[in-house]
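# Fold and contact review
Here is how the chains run, residue by residue.
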Amino acid sequence: MHTQKEIQNQYTALPALLLPWYRESARDLPWRHTKEPYHVWVSEIMLQQTRVEAVRGYYDRFLTALPDIQSLAEADEEQLLKLWEGLGYYSRVRNLQKAAKTVMEQHSGVFPTAYADVRALAGIGDYTAGAICSICYGQPRAAVDGNVLRIAARITEDFSPIDLADTKKRVALAFAPHAVRNAANAL
């Protein structure tokens, strides 16, 4: 069993180990070519519990039909559900629209830059807020989901239960200083 200091050192070393692999092996995906918060937000919500390959066509169609926050906020429900048809979990698209309306009303139509404001939007959790803030705004926020937790556990041999808040917080804190560099290098 490793000490907490050894585990922390392993977490700290992960970005240097994973980023070269990512730069060489990453799939070319449309949402990786933008730092536009609306586009990143839509992709992150679409990618929840969905295969990446399934999202490609939906992402392009959605942004063609609803190219900005205002058009999403004003879309009628029939159009919204039709664009989402096949992705399942329709509460995700309803929350997208609810959040878009909040952005229009409370942020003058400009996607917020403060993590707390992003996190407060309907349907946005820690992972999505971290992804948006690090990718779009260069903030040191980690985006830690179950996949990240499983990889970190295997590499560091830290088999703490990944569903515990303490485990998620520890991994997020370990990666947070590297999140800005990771996001910048990824795009």
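This text gives an overview of the structure that appears in the document. Not measured: the values here are computed from a predicted model.

### Quick look at the side chain of Thr 34
Looking at the secondary structure, you find Thr 34 in the loop between helix H1 (4–25) and helix H2 (37–47). Residue classification places Thr 34 among the buried positions, given a relative accessible area of 13%.

### Describing helix H6 (residues 91–106)
With 16 residues, H6 should reach 22 Å at 1.5 Å per residue; the first-to-last C-alpha distance of 22 Å fits that figure. Against the buried residues of H6 lie H2, helix H3 (52–65), helix H4 (69–74) and helix H5 (77–84). Positive backbone phi, at 55 degrees, marks Ser 108, one or two positions downstream of H6.

### Considering the state of the cysteines
Tallied over the full model, the rule gives zero disulfides. Free of any disulfide, Cys 133 has its nearest neighbouring cysteine sulfur in Cys 136, separated by 8.0 Å. Here Cys 133 falls in the buried class, since its relative accessible area comes to 0%. With a relative accessible area of 13%, Cys 136 lands in the buried category.

### As for H3
Taking 1.5 Å as the rise per residue, H3 with 14 residues should run 20 Å; its terminal C-alpha atoms sit 20 Å apart, in good agreement. Those residues of H3 lying buried are Val 55, Tyr 58, Tyr 59, Phe 62 and Leu 63. In this fold, the buried residues of H3 make contact with H2, H4, H5 and H6.

### Regarding the pattern of salt bridges
The full count for this structure, using the stated rule, is five salt bridges. In this structure, Glu 53 and Arg 56 form a salt bridge, with 3.0 Å as the shortest nitrogen-oxygen distance. Here Arg 56 and Glu 53 lie together in helix H3, a separation of three residues that amounts to about one turn. Classification of Glu 53 by relative accessible area gives partly exposed; the value is 40%. On the basis of relative accessible area, Arg 56 is assigned to the partly exposed category, the value being 27%. Between Asp 126 and Arg 119 there is a salt bridge, and its shortest N-O distance comes to 2.8 Å. Owing to a relative accessible area of 48%, Asp 126 belongs among the partly exposed residues under this scheme. One network of salt bridges, in which partners are shared, links Arg 27, Glu 53 and Arg 56.

### Some words on the packing of aromatic side chains
The relation between two aromatic rings is expressed through the spacing of the ring centres and the mutual angle of the planes. Taken as a whole and judged by the stated rule, the model has four aromatic pairs. With a centroid separation of 5.1 Å and 75 degrees between ring planes, the pair formed by Trp 31 and Tyr 59 is classed as edge-to-face. Within this pair, whereas Trp 31 is found in the loop between H1 and H2, its partner Tyr 59 is found in helix H3, the two being separated by 28 residues in sequence. Residue Trp 31 shares its accessibility class with Tyr 59, and that shared class is buried. Look at Tyr 38 and Trp 41: their rings are 6.1 Å apart centre to centre, the planes differ by 70 degrees, and that puts the pair in the edge-to-face class. Here Trp 41 and Tyr 38 lie together in helix H2, a separation of three residues that amounts to about one turn. Judged by its relative accessible area of 0%, Trp 41 is buried. Through successive ring pairs, a cluster of aromatic residues spans Tyr 38, Trp 41 and Phe 111. Over the ring of Tyr 58 we find Arg 61, and its NZ or CZ is 4.9 Å from the ring centre.

Definitions and limits used
Residues numbered from 1 in each chain as written. Predicted model: local features only at pLDDT ≥ 70, side-chain atom pairs only at ≥ 80, totals over all residues. Heavy atoms only, no water. Helix = DSSP H or I, 4+ residues; strand = E, 2+ residues; numbered from the N terminus. Buried < 20%, exposed > 50% of the residue type's maximum accessible area, 1.4 Å probe, protein only. Expected span 1.5 Å × (residues − 1). Contact = heavy atoms within 4.5 Å. Disulfide = S-S within 2.5 Å. Salt bridge = Lys/Arg side-chain N within 4 Å of Asp/Glu carboxyl O. Phe/Tyr/Trp six-rings, centres within 6.5 Å; stacked < 30°, edge-to-face > 60°. Lys NZ or Arg CZ within 6 Å of the ring centre and 35° of its normal.

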